[in-house]
Amino acid sequence: MDGTFKILQIADMHYENGEQTPCSDIPESWEATCSDLNTTSFVQRLIASEDPDLIVFSGDNIMSGSLDAVASMNAAFAPAIDAGKPWAAVLGNHDQEADLDRLGVIAYASGLPMTLTKLNPGCHVASDCKPVKGNFSINGRQVSQDFRQCVSDGPSEDLPVAFRCGVGASKGPAAAAGAAEQQVGGVSPGLLPVVEGWGNYHLVVNGPLGSKSESRVAAVLYLLDSGDYTKLPDIGKYDWIRPGQQLWMKSVAAQLMALVVDGEDAPIGLAYFHIPVPEFERAWESSAKTGVKQEVVSSAVVNSGFFTAMLETQHIKASFVGHDHINDYCGSFRGMKLCYAGGTGYHAYGKVGWPRRARVVLLRMGEGVVGSERNSQVEEIWSWKRLDDGVGHDGMSDIDRELLWGKGVDVEGSGTSAESGPGTEQDELDMPGYDNAGDMPDGPNEEMHAVGSLGS
């Protein structure tokens, strides 16, 4: 038997005010009835059809036109919560544009049911948090609820480098309530590093429940805040992943590698964030790619070195982003797969005649691993996309099924998709797919499981 772990990536919902919010870039005949509720319906059907083990909302989950960020988040994340599915969220460049700042958005999301979302390493959000309500200016934006007084330094993760939350006494309107603000510059007053942004955390995936390896790490997911807009004059438009975040990610990787016993394979890593790194342009030039590129790669104009940092972890095999809604390609660069999800939300911009979509990633262990003595490690990473097009399995086509990474497989030098290239027959690759009942042929009856952050 195998063990599997399936991740559903939902990108760019741009949720606002439900039925009152119109759709963008749709056929004219849909305009009278299309709204945010179409996004909700699509996500509900994706969850029912794919039955994922984890849902990752990869940023721009809500949008500037929201009249109430809390209500918009409740509605946006409701399909995962109602389905009883674990979920995690990161920030995009638009999530803070309603009436909560970026800290407030993540702090609120981290308290919702079924979520694995966390604020930051070294940060504690009070479980009985009652944000101050009023009219405040935070980072130059008006907000209606101030969550900063709910945040304090918490227990540090057991990592080679200690991190502080980076909070200090507020000088703003909520100072009397003991509010907190993040330090600037990536270093706390005690000279401990601070992880910049909000919503930087990791999740580990262990071996199958009930097996002898259920307490062993098979995979780790890094979720990062790629920021919103540059704060430096004349340096492009979009933000980037910063040094403190990179140091934290490499510290987590070092801790994981230290747990590997001689003769065992290291756990694989995946990274989820919103704004693509500049190397996504190079990935499009790869001969081993699937999907389409219909707009420019809207990365930061500076290269912060984050792609190199991912390589330096020595175990991140693929990264997944949103942001550019009508790009959905996966390509290879320097041995790593860089993948867009394609836009899911109907209020977000898209392209008429090009269906909204989402990306699925399947981690699969090798034959005979379940119940064995050796560490349960991922031996294949598969991916495909589901389209809201009324066609195919459960009315949603699945396209571009491909092997992103396989132990001992050259995914750059040979074809690995179902559509083109040598060696693409499903029998030869043991490619996952659907049977008439909607089950995965060759599928396991034991699944790997997410257990939260290392050291927590």
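The sections below set out a description of the structure shown in this document.

What counts and what doesn't
- Residues numbered from 1 in each chain as written.
- Predicted model: local features only at pLDDT ≥ 70, side-chain atom pairs only at ≥ 80, totals over all residues.
- Heavy atoms only, no water.
- Disulfide = S-S within 2.5 Å.
- Helix = DSSP H or I, 4+ residues; strand = E, 2+ residues; numbered from the N terminus.
- Buried < 20%, exposed > 50% of the residue type's maximum accessible area, 1.4 Å probe, protein only.
- Contact = heavy atoms within 4.5 Å.
- Polar contact = N/O pair within 3.5 Å; in protein donor to acceptor, adjacent residues only side chain to side chain.
- Phe/Tyr/Trp six-rings, centres within 6.5 Å; stacked < 30°, edge-to-face > 60°.
- Core = buried A, V, L, I, M, F, W, Y, C linked by side-chain atoms within 4.5 Å.
- Pairing = 2+ DSSP bridges.

**Digging into the state of the cysteines**
Each disulfide is one covalent bond, formed between the sulfur atoms of two cysteines.
Working step 1: The tally for this structure, following the rule as stated, stands at three disulfides.
Working step 2: Between C123 and C165 runs a disulfide, and the two sulfur atoms are separated by 1.9 Å. The chirality of the disulfide connecting C123 with C165 is right-handed, given an S-S dihedral of about 90°. Of this pair, C123 sits in strand 4 (residues 123-125) while C165 is found in the loop between strand 7 (151-153) and strand 8 (167-169), placing the two residues 42 residues apart along the sequence. Residue C123 shares its accessibility class with C165, and that shared class is buried.

**Overview of the environment of D95**
Working step 1: Note that D95 resides in the loop between strand 3 (87-89) and helix 3 (102-109).
Working step 2: Sequence separation of D95 and I106 is eleven residues, and the distance between their C-alpha atoms is 9.5 Å.
Working step 3: Those residues in contact with D95 that lie beyond four places of it in its chain are G59, D60, N61, I62, V90 and V105.
Working step 4: Separated by 3.2 Å, the side chain of D95 and the backbone nitrogen of I62 make a polar contact.
Working step 5: Of note is the side chain of D95, whose polar atom sits 2.6 Å from the backbone nitrogen of G92.

**Digging into the environment of H124**
Working step 1: Assignment of secondary structure puts H124 in strand 4.
Working step 2: Spatially, the C-alpha atoms of H124 and C150 are 8.1 Å apart, while their sequence positions differ by 26 residues.
Working step 3: With sequence-adjacent residues up to four places away left out, H124 is seen in contact with C150, V151, S152, D153 and G154.

**A short note on the packing of aromatic side chains**
Working step 1: Taken as a whole and assessed by the stated rule, the structure comprises 13 aromatic pairs.
Working step 2: Aromatic pair F273 and F306: ring centres 5.3 Å apart, planes at 85°, arrangement edge-to-face. Placement of F273 in the loop between strand 12 (268-272) and helix 5 (279-284) and of F306 in helix 6 (residues 306-312) is noted, with a sequence separation of 33 residues between them. Pair check on accessibility: F273 and F306 agree, each one buried.
Working step 3: Aromatic side chains Y329 and Y340 sit 5.1 Å apart centroid to centroid with 70° between the ring planes, which places their arrangement in the edge-to-face category.

**Concerning the nonpolar core**
Working step 1: In terms of nonpolar packing, the biggest core is built from 47 residues, with I10, F57, F77 and W87 touching the most fellow members.
Working step 2: At the level of elements, strand 1 (3-10), helix 1 (36-50), strand 2 (54-57), helix 2 (69-82), strand 3, helix 3, strand 16 (357-365) and strand 17 (378-387) are the ones that each hand at least two residues to this core.
Working step 3: Other than its neighbours up to four places away in sequence, F57 contacts I10, M13, A76, F77, A80, W87, A88, A89 and V90.

**So, the pairing of strand 16**
Working step 1: Burial runs high along strand 16: nine of the nine residues are buried.
Working step 2: The side-chain alternation of strand 16 yields two buried faces, one formed by R357, R359, V361, L363 and M365 and the other by A358, V360, L362 and R364.
Working step 3: With six bridges connecting them, strand 1 and strand 16 associate as antiparallel partners. Considered in strand 16, the bridge of T4 is made with R364.

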